[in-house]
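A closer look at the structure
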Amino acid sequence: MLQRKFSVEEAQSQFLNNFKKYGFKDKSAMLRTAIDHFKNKLEIENLKKSADLYSEIYLEDEDLKELTEAAVSGWPE
């Protein structure tokens, strides 16, 4: 496992010191979990933005609507 040096605010340090209270074996485990949660949140936000963009493009593009309808016609619902 890699090691890195980070600076944190006093309140963040106090929060990390409570790692056992939250069920973690150490501060590093707590921090790794927090990073993973944040990474997942960013990925979900990016997917939502992408979906919104595709939705906007779809609503404005008649050719794309026709192509989509042609592709799904005949599929069971």
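Definitions and limits used
The residue numbering used here restarts from 1 in each chain and proceeds along that chain's sequence as written. Totals for whole chains, interfaces and linings use every residue, but because this is a predicted model, local features are given only for residues with pLDDT of at least 70 and side-chain atom pairs only at 80 or more, for both listing and counting. Values reported for side chains reflect all heavy atoms of the structure, with hydrogen atoms and water molecules removed beforehand. Polar contact is defined as a pair of N or O atoms within 3.5 Å, subject to the rule that within protein one atom must be able to donate a hydrogen and the other to accept it, and that residues adjacent in sequence are counted only when both atoms are side-chain atoms. Comment: elements are numbered from the N terminus, with helices defined as DSSP H or I runs of at least four residues and strands as E runs of at least two. A residue's pLDDT is simply how confident the predictor is in it, with values from 0 to 100. Classification of ring pairs rests on two measures: the distance between centres of Phe, Tyr or Trp rings, Trp counted by its six-membered ring, which must be within 6.5 Å, and the angle between planes, read as stacked under 30 degrees, edge-to-face over 60 and tilted in between. Burial classification: accessible surface area is computed with a 1.4 Å probe over protein chains only, and a residue below 20% of its type maximum counts as buried, one above 50% as exposed, and the rest as partly exposed.

1. Things to note about helix 3 (residues 62-72)
Its side-chain oxygen at 3.0 Å from the backbone nitrogen of Asp-63, Asp-61 defines the N-terminal cap of helix 3. The first or second residue beyond helix 3 is Gly-74, which carries a positive phi of 90 degrees.

2. Quick look at the confidence of the model for the protein chain
With 100% of its residues at a pLDDT of 70 or more, the protein chain shows a mean pLDDT of 94. The least confident element of the protein chain, judged by mean pLDDT, is helix 3 at 87; the most confident is helix 1 (residues 10-16) at 98.

3. Side note on the packing of aromatic side chains
Here the structure, examined in full by the defined rule, presents one aromatic pair. Where Phe-15 meets Tyr-22, the ring centres are 5.2 Å apart and the plane angle is 45 degrees; that geometry is what we call tilted. Note on Phe-15: relative accessible area 44%, which makes it partly exposed.

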